[in-house]
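Residue strings, one per chain:
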Amino acid sequence: MSGAEALVAFGIAANVVQFVDFTVKLCDRIREYASGSGLPKKLATQADRLSELLVIFESLNESSNQGVLSGQILARCQTQAQELSDFLDDLKSDGQRSWAKNARKAFKSLNRSDQMEELQGVLDSLVRTLSLQLQADTRSTSSQVQANTVSLLERQFEQTSLLSDLRQMAGLKNQVNVNGGLSDKSLWMVSIGRNPDFVGRTALMSALESKLAAKPDAVPTAVLCGLGGVGKSQIALEFAYRERGRSAKISVFWVHAATAARFVESYKRIASECQIPGRDDQDVDVLQLVRDWLEVKYECRWLMIVDNVDDRNMFFETFTYAGKALREYIPQSSNKGSILYTTRNRDIGMDLALDRIPLTVPSMNAQEAMLLLGPKLRAESTETEQLELLGELVYLPLAISQATAFMEKRRKSVAEYIKLYRGSESTRIRLLGQRFNYHGREARPLESVVTTWWISFNYIKTENPRAAEILSMMSFLDQQGIPFSLLIADEEDEFDFEEAMGLLEAFSLVTLDTHRHACTVHSLVTVAVRGWLSEYENKRETIAAKTLETVSDRFPDGFFESWPTCRVYFPHAEEVLRSNAVATEATSPSLHAKASLLLNMSTFLRTQGRYEASELKATESMQIFERLHGSEHPDTLSAVASYAHTIHKRGRYQDAMLLQRQVLKSRERVLGVGHRATLESLNALGSDLQSLGQYKEAESIHRRELVAKQKFLGEQPGDIGAQADVFIAMNNVARVLSHQRRFVEAEQLHRAALAKSELVLGRLHPDVFITRGELAGTVRDQDRLDEAERMYNALLKDRVELLGDRHPDTLITLSNLATVSARQGNHQKAETIYREALRIEQEILGTTHPSTVNLMHNLACSAFDRKDYLQAATDFKVVLELQQKVIGPTHLHTMLTRRNLAVALRESGDLEQGNKLDNETLDISNSLDENKESERLQTLVNLAKGLSDQERYEDAEKIRRQELELRLASGEDEKGIQDNLNALAFLFSQQEKHVESEPIYKQILDYRTAHHGPEHVETLQTLWNLALAYREQQDYMNAEAKFGQLVGLQSKILGADHPRTLDSLMQLAWVLQQRQEYAQSEERYRFLLNARRQDLGSEHPLTLMVMNNLASVLKYQDNASDETTALLHQVYETRSRTLGRDSDLAKHSMSFLADHLRDLGRLEEAEILYRQEMELNVIADDSDNVRA
């Protein structure tokens, strides 16, 4: 076979000579075979590519900088030439005469054709690569560099002047209405300067003016749609400046919509600049706040430009934390505003346009495009060359601008640029066609844009390598709002960094914000840079890894103090993770960086209440760390602990507890029992145990935690974090004490922790919020409901301000506030709050989260409170089924639901099922290891109440006596014992065991007076019960004293005319009557009669009862009193009319009246009534016989 001899190692120059000699001969062979055999032109094309390679090699070999011609590239060229030579040898057969025929037949085969395509592709790549190296080697002279530097400084001076003007305009923001926001001042919220090179687009500008003219029934809307780089944003920008020029009173708001994160950031900026009340809450639904503001309160004319609405799913379908798509936050009803969208997707444009007719932005026409080239290039080239160039660039403004900048900088002519552009066309299509299709773009125009950018990238790399490095790094970040703090290198000279950014800005590859603290890069630039890194630099993986490591190193830990930085960095961290092909070797630094970044992002997401997303990142971080370092490395343990914390937040308490036990044991072994991380494991494990209701072990863990953290603080007294850790431990101990109903101890410790933590951390800190909430709960559980309500309201306000109204912690506070309302008797208010909280929790936590299920339980309680027992029973059944699956059948919340369901069943009439459920619950309680006594007690209470409601007082008494014995034996709190005694006394009263109930009521009265005060509702109820016990024993003197005391207290608290006060007064008057204190009794009856008549009317049964008793008292004082006779007649006649003559009360009144008439000597009248009474009794007897 013929072929090249091996290249000898005599240096690059000798190898170039040898390659050139071989290639000249190979070209001759190819042309000879192609012309003599009739083979396709593709074969001859190879000779053309080889010839181009020879020309470039000679130019590079003669260059003053021969170092650009590497041995690696030379070896690739020699290899491809050798393969082409071998290809020709394979085509040639032994028979010379049949060679052409065989060659044609062989060439037509699929394999040969594919092989030729592959060879041509490689040669094209080599031609392009060497062409770019040759171009990059052509250096500008020192005078040219100086001229370019002066030009750059002049541009920077112009931009500085523009920034000054913008800052002067921005001074308007100081004119703020403090109470209502900046509602009547115009604002300019466009951070991009006006394009001095903007040309043409007259028809589009007119169309925009027409579409955005004021409309009476809707917000005027226009949509610019078209290919990326066609100038949509530039048109929108120019339109904004023209609108501002026509009227200084119009406000313009620029909203970035390429990603949800940037959309939210833009809206937050609007909220900030407009000084909208409530805007400072980082997690409040600021987007809805801005929409409402613009629709209702903003008084100036305004234009909103929503730029780059290119992602349908993100804008129309993906829901935010507030449960809405981004589209729903666009104002719809203002008569002062107008909206201009830009999008690459015509379908999206049709959905956005009110008339479903978006404005399609075409490429420029020839006249506009030539104007965009600028006067210098037009003067130095022919019209034909210009049109040829513009045709190659498909009249795309971005491509034209880029090409123009390159040509002016490198002093290239239009003809030279066209030649360079065309030199690598086929390879560019293959490299970038698929990637651009993935981004939803047409191949041909975008291929031209990217080609232009690649040429610029190579120039930037030569001019300022640092600029190219920054641009490369930015290609792996989110395109919008890239903070300089992520880009600037450690200890980098600030001037060098600004020079690099200035060069990127000069080429329009990035746009700096007005404060020059962040920048934006076009999304297509990102794609182009990545392709450039892969094709020309072979550094994609290297740069991607470096970017990942930088972001990972600078992303904070995710806790409260770092939230502002996390919010800025988070979109860039998400993007760098999406775009990184991280090495999977166990020693890869990039893999470790990825795991660390995932861990910190997971922590931040968890603190924001985004538990599902947090778990995904925590899982991946944990898996990577374990693969890198093993299961007991400190980093792995941190990741496992964070994962366990997250699944705890998602309600998987048992799984979290098991993991935290494992982490605690490992940390004790690896780090030591006193290590800070080990102490945090105690904190986490104790919290898990509390959530599982395992309070005794939790108390032991938390007390150990508190002692160890206090010791650590003693060694590091100035450590703020160590101080905060101690406060957290104090709160943990207090919480577990409260769960065990040791409220006095718990409250003292809560208050101590709160006082110290507020002093160190401030009142508006998430950790302080936790202590405030726990303290309010302890106060609530001691029945100090008004105090608890004030505390919860203050906490709710602060949590909404800091965390937002949809954060899970905020919803917990809201639910607790509703519980207080329910205990205060405001059941309707409580139910309304419960329903709203449940709706939000179902959206953000899911329908099976324990917190969500708890709200469902509380709503079932609300149904019970409004006496809808059937609904309550139905709801409790649903809750019980969920709890048994989610938290287990023996969890304390599950047991509570069982008891509540039993009560609801009995109240709805299903006595058998209710009692059966209580007995089953009692059996479960007896099988518990922990909380056995408390659960038995509560179930016994439930069962006794059920029996009492069924009037099975003797059975209920037995249950209550069991309960009392258990409480006394287990050292139950005094309040529980007193409540039990009260229930026992009630059962004695119902069985007429008043001698036994009296001393119990006296004891309870003393206790409640001492603990709640004499005016507490429970104290007053006990006083009533004791007075009744005296009355039933006919101890009228003590009864009079207690009823008199009760009337005095109730008159003071409720008022003299309150129904409860009147009930007590009625009892007092009756007792006085029994004691023959008729004058005092009469006085009270007369007061009662007047009050009842006014409140209830003269014919109400209670009014008639007072009249009857008053008549009795009057009769005892003066038997012949006419008033007595009149009262008795009125009572008898009214009862006969309203209740019927045969009613017991009517017959009693008849008998009383007859006796009175007889005593007066009016015997005939009395006789008539007696006969009527006898007739009624005979009829009643006959009726009984019939029924028998």
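Residues numbered from 1 in each chain as written. Predicted model: local features only at pLDDT ≥ 70, side-chain atom pairs only at ≥ 80, totals over all residues. Heavy atoms only, no water.

As annotated in an unreviewed UniProt entry, the protein is Kinesin light chain from Imshaugia aleurites.

K.L.:
Is there a simple way to think about the overall build of the protein in this case?
P.N.:
A count of helical and extended segments in the protein gives 53 helices and 9 strands. Residues classed as buried in the protein amount to 51% of the 1188 residues present. Sequence-distant contacts in the protein: of pairs separated by 6 or more residues, those separated by 24 or more amount to 66%. Here the protein displays about 54,400 Å² of accessible surface, and carbon together with sulfur accounts for 50% of that area. (Helix = DSSP H or I, 4+ residues; strand = E, 2+ residues; numbered from the N terminus. Buried < 20%, exposed > 50% of the residue type's maximum accessible area, 1.4 Å probe, protein only. Contact = heavy atoms within 4.5 Å. Areas by Shrake-Rupley, 256 points an atom, 1.4 Å probe, with all protein chains shown as cover.)

K.L.:
I keep staring at the sheet that holds strand S9 (residues 518-521) and nothing clicks. Help me out?
P.N.:
Backbone hydrogen bonds hold the strands of a sheet together, and the pairing may be parallel or antiparallel. The 3 strands lie next to each other as S7-S9-S8, forming an open sheet whose pairing is antiparallel. If you trace the sheet from one side to the other, it starts and ends with strand S7 (482-483) and strand S8 (510-512), each paired once. (Pairing = 2+ DSSP bridges.)

K.L.:
Explain a nonpolar patch on the surface here, please?
P.N.:
Taken together, the side chains of Leu-1096, Leu-1102 and Met-1105 make up a nonpolar region of the molecular surface, amounting to roughly 210 Å² of accessible area. Within the secondary structure layout, Met-1105 lies in helix H50 (residues 1101-1117). For Met-1105, a relative accessible area of 38% puts it in the partly exposed group. (Patch = residues over 30% accessible without salt bridge, like charges linked within 9 Å, V, L, I, M, F, W, Y side chains within 5 Å. Salt bridge = Lys/Arg side-chain N within 4 Å of Asp/Glu carboxyl O.)

K.L.:
Whenever I open this one, the pairing of S9 confuses me. Can you help?
P.N.:
Note on strand geometry: in a regular strand, side chains alternate between the two faces of the sheet. Sheet analysis places S7 next to S9, joined by 2 bridges and oriented antiparallel. The partner of Pro-483 across the bridge, within S9, is Ala-518. Relative to S9, S8 runs antiparallel, the two sharing 3 bridges. From the neighbouring strand, Thr-511 faces S9, where its bridge partner is Thr-520. The antiparallel hairpin formed by S8 and S9 contains 5 residues in its connecting segment, where Arg-516 sits at a positive phi of about 60 degrees.

K.L.:
Which parts of the structure should I look at to understand the sheet that holds strand S3 (residues 251-256)?
P.N.:
Strand order in the open sheet made by the 6 strands is S1-S3-S4-S5-S2-S6, with parallel pairing throughout. The open sheet terminates on both sides in strands that have one partner only, identified here as strand S1 (188-189) and strand S6 (359-360). Pairing geometry for strand S2 (residues 221-225) and S6, over 2 bridges, is parallel. Bridging from a neighbouring strand, Cys-225 pairs with Thr-360 of S6.

K.L.:
Help me understand the side chain of Arg-606, please; the structure alone is not making it clear to me.
P.N.:
In this structure, Arg-606 sits in helix H26 (residues 589-607). Buried and without a salt bridge, Arg-606 has Glu-680 as its closest oppositely charged side chain, separated by 9.1 Å. There is a polar contact of 3.1 Å between the side chain of Arg-606 and the side chain of Thr-646. (Lys, Arg positive; Asp, Glu negative; His and termini not counted. Polar contact = N/O pair within 3.5 Å; in protein donor to acceptor, adjacent residues only side chain to side chain.)

K.L.:
What is the right way to look at the side chain of His-807 in this model?
P.N.:
Within the fold, His-807 resides in the loop between helix H35 (785-803) and helix H36 (808-823). Within polar-contact distance, the side chain of His-807 engages the backbone nitrogen of Gly-609 at 3.4 Å. Once residues within four sequence positions are removed from consideration, His-807 is found in contact with Thr-607, Gln-608 and Gly-609.

K.L.:
Is there a simple way to think about helix H13 (residues 366-373) in this case?
P.N.:
Given 3.6 residues per turn, any residue in an α-helix points the same way as the ones three and four places further on. Along H13, the positions that sit buried rather than exposed are Glu-368, Ala-369, Met-370, Leu-372 and Leu-373. The residue sitting at the N-terminus of H13 and contributing the capping side-chain oxygen is Asn-365; that oxygen lies 3.2 Å from the backbone nitrogen of Gln-367. Count one or two residues on from H13 and you reach Gly-374, which has phi positive near 95 degrees.

K.L.:
Please clarify how the packing of helix H45 (residues 994-1012) against helix H46 (residues 1017-1032) should be interpreted in this entry.
P.N.:
The angle between the axes and the distance between the axes are what describe a pair of packed helices. Their axes nearest at 9 Å, the elements H45 and H46 cross at an angle of 155 degrees. The pairing of H45 with H46 is recorded here as roughly antiparallel in orientation. The crossing of H45 and H46 is left-handed. Contacts between H45 and H46 involve His-994, Ser-997, Glu-998, Tyr-1001, Lys-1002, Ile-1004, Leu-1005, Arg-1008, Thr-1009 and His-1012 from the former and Glu-1018, Thr-1019, Thr-1022, Leu-1023, Asn-1025, Leu-1026, Ala-1029, Tyr-1030 and Glu-1032 from the latter. Residues that form the contact of H45 with H46 fall into these classes: 7 nonpolar, 7 polar and 5 charged. (Axes fitted to C-alpha atoms, helices over the stretch in contact; angles between N-to-C directions. Parallel < 35°, antiparallel > 145°, perpendicular 65-115°, else oblique. Left-handed = near helix turned anticlockwise from the far one by under 90°. Nonpolar A, V, L, I, M, F, W, Y, C, P; charged D, E, K, R; others polar.)

K.L.:
How should the packing of aromatic side chains be read in this particular structure?
P.N.:
The description of two aromatic rings rests on the distance between their centres and on the angle between their planes. What the rule picks out here adds up to 14 aromatic pairs. Ring geometry for Phe-560 against Trp-563: centres 5.1 Å apart, planes inclined by 80 degrees, an arrangement best described as edge-to-face. Owing to a relative accessible area of 4%, Trp-563 belongs among the buried residues under this scheme. Note on Tyr-1036 and Trp-1070: the rings are 5.9 Å apart at their centroids and 75 degrees apart in plane angle, and the pair reads as edge-to-face. Separated by 34 residues along the polypeptide, Tyr-1036 in helix H47 (residues 1036-1053) and Trp-1070 in helix H48 (residues 1059-1074) bring together distant segments of the chain. With relative accessibility at 30%, the residue Trp-1070 sits in the partly exposed group. Here the guanidinium or amino end of Arg-1031 rests over the ring plane of Trp-1070, the centre of that ring lying 5.9 Å away. (Phe/Tyr/Trp six-rings, centres within 6.5 Å; stacked < 30°, edge-to-face > 60°. Lys NZ or Arg CZ within 6 Å of the ring centre and 35° of its normal.)

K.L.:
Could you clarify how one ought to interpret the state of the cysteines in this entry?
P.N.:
Joining two cysteines, a disulfide is a covalent bond between their sulfur atoms. Taken as a whole and assessed by the stated rule, the structure comprises 0 disulfides. Its sulfur unpaired, Cys-274 is 9.1 Å from the next cysteine sulfur, which belongs to Cys-300. (Disulfide = S-S within 2.5 Å.)

K.L.:
Help me understand the pattern of salt bridges, please; the structure alone is not making it clear to me.
P.N.:
When the charged atoms of two side chains lie near each other, side chains of opposite charge can form a pair. Scanning the model with the defined rule gives 70 salt bridges in all. One salt bridge connects Glu-243 with Arg-301, and the closest N-O pair in it is separated by 3.7 Å. Taken as a pair, Glu-243 in helix H8 (residues 232-246) and Arg-301 in the loop between helix H10 (286-297) and strand S4 (302-307) lie far apart in primary sequence, 58 residues in all. Using a relative accessible area of 14% as the deciding quantity, one classes Glu-243 as buried. Residue Arg-301 is classed as partly exposed on the basis of its relative accessible area of 45%. Taking the shortest distance from any N to any O, the salt bridge between Arg-742 and Glu-699 comes out at 3.1 Å. In this pair, Arg-742 sits in the loop between helix H32 (720-739) and helix H33 (743-761) while Glu-699 sits in helix H31 (residues 695-715), placing the two residues 43 residues apart along the sequence. Relative accessible area serves as the criterion here: at 12%, Glu-699 is assigned to the buried category. Salt bridges sharing partners connect three or more residues here, namely Asp-783, Lys-975, Asp-979, Arg-1008 and Glu-1018.

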